[in-house]
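Analysis of the macromolecular model
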Amino acid sequence: MSPLVHRIALESSGVSFRCRADETVLRAALRAGLGFPYECNSGSCGACRFEVREGGFVMAWPEAPGLNERDRQRGRLLACQAQPRSAAAISVRGFAPAAPLIRPRRQRVRLVGRRLLTHDMWLFTFAGNDPAAFLPGQFAMLELPAVAGERAYSMANLPNGEGIWQFIIKRKPEGKGTAALFEGLIPGAALALDAPFGRAYLRTDSAHPVVCIAGGSGLSPIVSIVRAAIGWRSAPARPVSLFYGGRGPADVVDFASLLGEAATAVCRPVTVLSDADDVPQSTWPGPRGMVHEVVERETGGALGDREVYVAGPPAMVQATLDMLRRNNVEAERVHYDSFY
Amino acid sequence: MATVIEPGMSIELVPLCRATDVAPGRARKCMIAGRPPLAVFNVGGEFFVIDDTCTHGMASLSEGTLEGDVIECPWHGGAFNVRTGQAVAAPCTVDVRTYAITIERDQVCLVEKAGPQRPPFNRSAAEAPSPAEPQPTAEGSEPMTLDDLTARVRRSVGEESGLNATVKFAFPDEGVIYIDGLSKPNSVDNIDRDSTITITLTRETFQSILDKRLNPKFALMTGKLRLRGDIRIAMRLDRVFGLE
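Presented here is a report on the structure given in the accompanying data block. Nothing here was measured: the structure is a model prediction, and the numbers come from that model.

Some points on the overall build of chain B
Scanning chain B from N- to C-terminus turns up four helices and 16 strands. Taking all 244 residues of chain B together, 43% fall into the buried category. Counting contacts in chain B only where the partners sit at least 6 residues apart, residues at least 24 apart contribute 53% of the total. Carbon and sulfur atoms make up 51% of the accessible area of chain B, which amounts to about 13000 Å² in all.

Below, the structure written as structure tokens:
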């Protein structure tokens with residue numbers, strides 16, 4: 001029996017769209033080509049919150065942290081979690097962001113293989129039957145075997161006609177998602193992929209020099225952005241610098257092997273280690289400290305004419321945004337992806 | 001934290017916008033050269049000014065929803081009290097900066113201390129001037145010319161500064177002070193050429209640092225000076241100019 005489909009009206013814009021009962025409001029809106037505010041699509045950031053004018057919803061994750069006390073008092077819901085029980089009318093705050101450049105769609109992909117990059121980060125390669133359509137910096141929702149709910153992973157490769165999707169994924173000791181990926185999948189295994197999502201993608205309408213700052217597995221979308229900024233037919237080539245923050249020497253990435261010699265020579269990656277106090281200078285002669293501090297030092301804070309892309313754990317993104325604000329970098333030039 | 005204005009202080013007013021441009025319950029973003037964007041709020045006829053950029057992400061608070069004296073950030077729903085700057089709803093946890101203002105002839109104006117801004121840095125209570133006393137006239141409180149500053153730098157550098165590098169202070173459109181800390185004896189001149197490190201700043205900022213009215217690390221963090229080159233050499237300058 002096919003699931004019910006409900007019509008949802010967006011009060012502020014007078015537009016309505018169809019949403020299956022087993023689909024979230026956010027994904028239905030994006031698939032309909034509507035500009036709906038969002039960031040993480042995982043219930044954590046709060047960007048997709050809305051107010052209900054009419055109708056009822058089911059929340060996939062009722063305790064999702066993206067709603068604060070004020071939101072709950074006002075009965076707001078998260079569009080990335082809400083599934084409609086009936087026709088509905090909702091209100092999203094005043095402005096509407098631009099329509100998605102590529103509408104997300106579901107497909108099935110097969111695991112082709114994986115390759116070790118550091119002690120706990122791997123490069124996974126999947127292949128599907130259709131072209132891999134996404135913007136550098138975006139992410140996909142993967143449905144993993146034996147895991148409820150989907151997980152968001154950012155693409156590390158470039159959009160391509162061969163249907164190849166690559167992800168740099170950090171193995172977390174207690175993560176159910178990564179356990180399923182690392183133990184539950186063998187080459188040839190198929191899983192469901194819904195993509196693309198994300199608003200921290202490489203902007204191609206300007207040729208400003210690009211500064212990319214990655215922490216941990218934030219490296220995945222940043223690698224895609226770096227590759228595109230260096231040379232991609234859909235974007236102007238421009239100066240790129242890459243800063244990558246890890247904890248210790250075991251987090252060091254062989255960029256020449258990952259990006260290729262030529263690309264590495266162009267972006268001259270700077271790796272910064274934050275927890276290397278016991279490591280002698282001879283073993284690690286490179287920069288130490290927090291990656292955002294090294295960015296500020298190396299650039300002297302002169303980031304005003306750059307387009308800045310940041311991805312990594314929330315604390316690292318916060319510290320980096322603080323540094324950018326201190327240096328009066330305009331909000332429109334900063335694109336960030338917090339890995340909740 | 002707000003600027004503290006005390007009796008007897010000489011102040012200057014920086015106009016932001018007309019009071020009539022901001023209706024009750026509304027906000028307006030104001031851009032003033034050399035400052036972060038500011039947001040002017042009208043709460044039932046009372047005006048408040050805070051930094052426009054949210055302390056959490058990069059959103060413009062003036063585009064948010066004002067309910068009473070609380071502004072809700074448009075991006076993630078965090079909120080601030082516009083009177084106090086206090087963060088009152090997650091995910092915002094860092095208070096936003098507030099500014100003292102006054103309405104002068106229908107203009108909403110920032111109220112600031114006149115003269116070079118003195119940002120706070122660590123000084124003992126005994127050293128901090130009390131507001132009732134007149135400002136001390138020490139060497140350098142009058143603006144110095146490039147020649148005077150060069151002579152002053154020459155005195156501090158001496159014959160052997162310990163810099164072991166060349167340092168260029170570049171004053172946009174006004175020339176340079178070049179310290180050759182490699183030659184024996186060391187020398188100081190105004191000839192522009194390559195250097196180990198280059199520090200770009202205004203003459204006024206440089207004088208404030210030499211007069212110990214401005215902490216150079218603070219100046220670097222707030223963009224008042226730009227550094228190209230090895231920061232460790234810049235740190236040796238603290239000793240040369242007696243700033244430690």
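Here we look at the sheet that holds strand 11 (residues 150-154) of chain A
Residue and element names in this part refer to chain A. Across the sheet, which stays open at both edges, the six strands sit in the order 11-10-13-8-9-12 with antiparallel pairing between neighbours. A strand with exactly one partner marks an edge of an open sheet, and here the two such strands are strand 11 and strand 12 (164-170). On average, adjacent strands in this sheet sit at an angle of 40° to one another, irrespective of strand direction. Sheet topology note: the strand 8 (residues 105-116)/strand 13 (residues 190-197) ladder contains six bridges and is antiparallel.

What about the packing of helix 1 (residues 146-157) of chain B against helix 2 (residues 203-210) of chain B?
All names here are of chain B. Where helix 1 contacts helix 2, the two axes come as close as 11 Å, and the packing angle between them is 35°. The two elements helix 1 and helix 2 meet at a crossing, and its hand is left-handed. Touching L146, L149, R152 and V153 of helix 1 are R203, F206, Q207 and L210, all from helix 2. For the contact of helix 1 with helix 2, the class distribution of residues is five nonpolar, one polar and two charged.

Comments concerning the packing of aromatic side chains
All names here are of chain A. Considering all chains together, one arrives at 14 aromatic pairs over all chains under this definition. Ring geometry for F50 against F57: centres 5.4 Å apart, planes inclined by 70°, an arrangement best described as edge-to-face. Accessibility classification places F50 together with F57 in one group, the buried group. Ring geometry for W122 and F182: centres 6.0 Å apart, planes at 70°, overall edge-to-face. Linking W122 in strand 9 (residues 121-128) with F182 in helix 3 (residues 176-183), this pair joins segments that are 60 residues apart in sequence.

So, unusual backbone geometry
Here the bond from A:A195 into A:P196 is cis, since omega is 0°, no more than 30 degrees from zero. Inspection of the secondary structure puts A:P196 in strand 13. In this structure, B:P91 follows B:A90 across a cis peptide bond, with omega equal to 5°. Examined against the element boundaries, B:P91 turns out to sit in the loop between strand 8 (87-89) and strand 9 (98-99). Residues other than glycine seldom take positive phi values, yet B:D106 does so here, at roughly 65°. Among the structural elements, B:D106 can be located in the loop between strand 10 (101-104) and strand 11 (107-113).

Focus on the pairing of strand 11 of chain B
Residue and element names in this part refer to chain B. Most of strand 11 is tucked away: five of the seven residues are buried. In this structure, strand 1 (residues 11-18) lies alongside strand 11, joined through seven bridges in antiparallel fashion. Within strand 11, the position partnered with L13 by the bridge is V111. With four bridges connecting them, strand 10 and strand 11 associate as antiparallel partners. Paired with E104 across the two strands is Q107, which belongs to strand 11. Hairpin connection, strand 10 to strand 11: the antiparallel pair is bridged by two residues, and R105 has positive phi, about 50°.

Things to note about the interface of chain A and chain B
Taken together, the contact pairs 27 residues of chain A with 23 residues of chain B. Note on chain A versus chain B: buried area summed over both sides is about 2100 Å², and carbon and sulfur give 44% of it. Ranking the residues of chain A by area buried against chain B places A:N68, A:R70 and A:R325 at the top, with a combined share of 25%. Run the count over chain A and chain B and you get five salt bridges. Among the ionic pairs, B:E72 bridges to A:R76, the shortest N-O distance being 3.1 Å. At the surface where chain A touches chain B, the tally comes to 12 residue pairs in polar contact (both at pLDDT 80 or more). Broken down by secondary-structure element, the contributors of at least two residues to the side of chain A that touches chain B are helix 7 (291-299), helix 8 (314-326) and strand 18 (334-338) of chain A. Classifying every residue of the side of chain A that touches chain B by side-chain character gives nine nonpolar, seven polar and 11 charged.

Re the pattern of salt bridges
Residue and element names in this part refer to chain A. Within this structure, the stated rule accounts for 36 salt bridges over all chains. Ionic pairing is found between D71 and R76, a salt bridge with its closest N-O pair at 2.6 Å. What makes D71 buried here is its relative accessible area of 0%. The salt bridge involving K170 is made with D120; its shortest N-O contact spans 3.4 Å. Remark: D120 occurs in the loop between strand 8 and strand 9 and K170 occurs in strand 12; sequence separation between them is 50 residues. Its relative accessible area of 23% is what places K170 among the partly exposed residues.

Reading the values: the criteria
Residues numbered from 1 in each chain as written. Chains lettered and ligands numbered in written order. Predicted model: local features only at pLDDT ≥ 70, side-chain atom pairs only at ≥ 80, totals over all residues. Heavy atoms only, no water. Helix = DSSP H or I, 4+ residues; strand = E, 2+ residues; numbered from the N terminus. Buried < 20%, exposed > 50% of the residue type's maximum accessible area, 1.4 Å probe, protein only. Contact = heavy atoms within 4.5 Å. Areas by Shrake-Rupley, 256 points an atom, 1.4 Å probe, with all protein chains shown as cover. Pairing = 2+ DSSP bridges. Axes fitted to C-alpha atoms, helices over the stretch in contact; angles between N-to-C directions. Left-handed = near helix turned anticlockwise from the far one by under 90°. Nonpolar A, V, L, I, M, F, W, Y, C, P; charged D, E, K, R; others polar. Phe/Tyr/Trp six-rings, centres within 6.5 Å; stacked < 30°, edge-to-face > 60°. Buried area = accessible area lost by both parts, 1.4 Å probe. Salt bridge = Lys/Arg side-chain N within 4 Å of Asp/Glu carboxyl O. Polar contact = N/O pair within 3.5 Å; in protein donor to acceptor, adjacent residues only side chain to side chain.

These values are about where atoms sit, not about what they do.
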